[in-house]
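# Examination of the molecular architecture
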Amino acid sequence: MFNVSFPGLGIKEFSINPTAFTVFGHPIAWYGIIIASALLLAMVYGMVRAKEFNISVDDLSDLIIFGIIFGVIGARIYYVLFPYEGATTNEFFEKPITILYIWNGGLAIYGGIIGAFLSSFVVAKIKKISIGAVFDIASLGFLIGQTIGRWGNFVNGEAYGYKTNLPWRMVLSFESDPVHPCFLYESLWCLIGFIILHIYSKRRKFNGEIFLMYITWYSFGRFFIEGIRADSLMQGNLKMSQLLSAILFIAAVSLLIYKRVTIKKVILEQTTEYNPLFDETSKAVEEETAREVEKYLGNQEDEEDEGSESEEESADSADASADDVEGQKEEDSDNTENSDKSEDKE
């Protein structure tokens, strides 16, 4: 049990007992209850929205089961591999059996994310489900879990930062100076991220986009929050979660840019094929085409006019020929009559 207060916010000191109750002498920690509640809420959210991502409830259930198992394993391995800031040795390497004592605490969120997503990748491949869609809905679930789960760190008296005099500083009975409430920073950061991605997910452009945006959002915030944490997991002089956040942020942003540029290129090609863009080049082509069409129609009209004139000339010629023939007939008739008269006289 320990005491905590937020004097700058007017919240007076109160006591926190990490143990909620006992069952047959076995303590049940608030941390476990909070994490279980966060997981349950994330599952309900996923079930409600599964159809929007073209995932059946049965397939999602399988994904969740394997995600929980390997998420816990990954979270434990990550925690075991890297000692706390200031630690000179790794207690788990000295007593390997303690690695299994998970009920004593010791899980790292990044390890959980890696383990859960790796298992989801394998299950999605086996079931022939869109990996991008699975990662998208899992990302939204993780944000729910992280928003609530960080309060488990609060009741355990962990995930706090270096000393500070900011108005929202936190005073812990086992620390001499007020500290940053890093658990609160991350909880609020994940809550804001969930609201944004939940709204955007309804008009996402491709499967996997929400996952990349989640990695971008979370790693960006975690990089700065980790920088002021006093209980970070270390690798030499480097804070592992801060280093991993930087790598993930760069990778996610790069993939997002690549995917969006590729999609725009495809859309542009399709638009150009069916609906030419009205830029200067296309306008020039359209004007040239119009001139050619106008020229062609003009030639057609000229040909029709010439044809009409030819027909009129032919008609005149025919009339003239008919008149000549008629005249010749009249002359022949006159000649015949004159000849007959001459014969009568004789």
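Placed above this text is the structure.
Overview of the structure. (Residues numbered from 1 in each chain as written. Predicted model: local features only at pLDDT ≥ 70, side-chain atom pairs only at ≥ 80, totals over all residues. Heavy atoms only, no water.)

### Here's the deal with the layout of surface pockets
As a reminder of what qualifies: The way it works is a 1 Å grid over only the protein atoms, where trapped points that fit a 1.4 Å probe form a cavity and open points with protein on both sides within 12 Å along at least five of seven lines form a pocket, and then any residue with an atom within 4 Å of a point lines it. Grid points are joined across faces, edges and corners, and a volume is the space filled by probe spheres set on the points. The residue classification treats Ala, Val, Leu, Ile, Met, Phe, Trp, Tyr, Cys and Pro as nonpolar and Asp, Glu, Lys and Arg as charged. All others, Gly included, are polar.
Of the volumes computed, that of the second largest pocket is approximately 160 Å³. Lining the second largest pocket, in full, are Tyr 110, Ile 113, Ile 114, Phe 117, Phe 211, Leu 212, Ile 215, Leu 248, Ala 251, Ala 252 and Leu 255. The residue inventory of the lining of the second largest pocket, partitioned by class, reads 11 nonpolar, no polar and no charged.

### A look at the packing of aromatic side chains
The condition is simple: The aromatic pairing rule takes the rings of Phe, Tyr and Trp, using the six-membered ring of Trp, and pairs them if the centres are within 6.5 Å, calling planes under 30 degrees apart stacked, those over 60 edge-to-face and the rest tilted. Each helix is a run of H or I in the DSSP string that is no shorter than four residues. Each strand is a run of E no shorter than two, and both are numbered from the N terminus. Distance and angle both matter: a charge sits over a ring if NZ of Lys or CZ of Arg is within 6 Å of the ring centre and within 35 degrees of the ring normal.
Scanning the model with the defined rule gives 21 aromatic pairs in all. Aromatic pair Phe 220 and Phe 224: ring centres 5.3 Å apart, planes at 70°, arrangement edge-to-face. On the criterion of helical spacing, the pair formed by Phe 220 and Phe 224 is a turn pair, its members being four residues apart in helix α7 (residues 209-227). Lying over the aromatic face of Phe 206, Lys 259 brings its terminal NZ or CZ to 5.0 Å of the ring centre.

### A few points about the pairing of strand β4 (residues 26-29)
Rule in force here: A pair of strands is considered paired only if DSSP assigns at least 2 bridges between the two.
As paired strands, strand β3 (residues 19-23) and β4 are joined by four bridges and run antiparallel to one another. Of the residues in β4, the one forming a bridge with Thr 22 is Pro 27. Linkage of β3 to β4, two consecutive antiparallel strands, is achieved through a turn of two residues, within which Phe 24 is found at a positive phi near 55°.

### Quick word on the sheet that holds strand β1 (residues 2-6)
Rules: Whether two residues touch is decided by their heavy atoms; if any such pair falls within 4.5 Å, the residues are in contact. Angles shown run from 0 to 180 degrees and are taken between the N-to-C directions of axes, each axis being a line fitted to C-alpha atoms and, for helices, limited to the stretch in contact.
Spatially, β2-β1-β5 is the arrangement adopted by the three strands of the open sheet, whose pairing is antiparallel. The outermost strands of the open sheet, each flanked by one partner alone, are β2 (11-16) and β5 (171-172). One ladder, built from two bridges, connects β1 with β5; its direction is antiparallel. If you follow Val 4 over to β5, its bridge partner there is Leu 172. Those strands touched by helix α5 (residues 131-156) are β1 and β2, and its axis lies near 120° from that of β1.

### Some details on the side chain of Ser 139
The criterion, for reference: Polar contact criterion, stated in full: a pair of N or O atoms within 3.5 Å, where within protein one must be able to donate a hydrogen and the other to accept it, and residues adjacent in sequence count only if both atoms are side-chain atoms.
Mapped onto the elements of the fold, Ser 139 is located in helix α5. One polar contact links the side chain of Ser 139 to the main-chain carbonyl oxygen of Phe 135, over a distance of 2.7 Å. Those residues within four positions of Ser 139 in sequence are excluded, and the remaining contacts are Phe 117, Ile 210, Phe 211 and Tyr 214.

### Some remarks on the pattern of salt bridges
The criterion, for reference: Criterion for a salt bridge: a side-chain nitrogen of Lys or Arg within 4 Å of a carboxyl oxygen of Asp or Glu. For the exposure calls, accessible area comes from a 1.4 Å probe over protein chains only, and a residue counts as buried if that area is under 20% of its type's maximum, exposed if over 50%, partly exposed in between.
Counted according to the given criterion, the structure contains nine salt bridges. The shortest N-O distance in the salt bridge between Asp 136 and Arg 204 comes to 3.8 Å. With Asp 136 in helix α5 and Arg 204 in the loop between α6 (182-200) and α7, this pair connects stretches of sequence that are 68 residues apart. Put simply, Glu 226 and Arg 222 hold a salt bridge, and the shortest N to O gap is 2.8 Å. Of this pair, Glu 226 and Arg 222 are both found in helix α7, four residues apart, which corresponds to roughly one turn of the helix. Glu 226 sits in the buried class, given a relative accessible area of 1%. By relative accessible area, Arg 222 is classed as buried at 4%.

### Considering the pairing of β1
With four of five residues buried, β1 is to be regarded as a mostly interior element. With four bridges joining them, β1 and β2 adopt antiparallel strand pairing. Each bridged residue has a counterpart across the sheet, and for Asn 3 the counterpart in β2 is Ser 15. Counting the residues between successive antiparallel strands, the hairpin from β1 to β2 contains four residues, one of them, Gly 10, with a positive phi of roughly 80°.

Any link to function would need more than the numbers given here.
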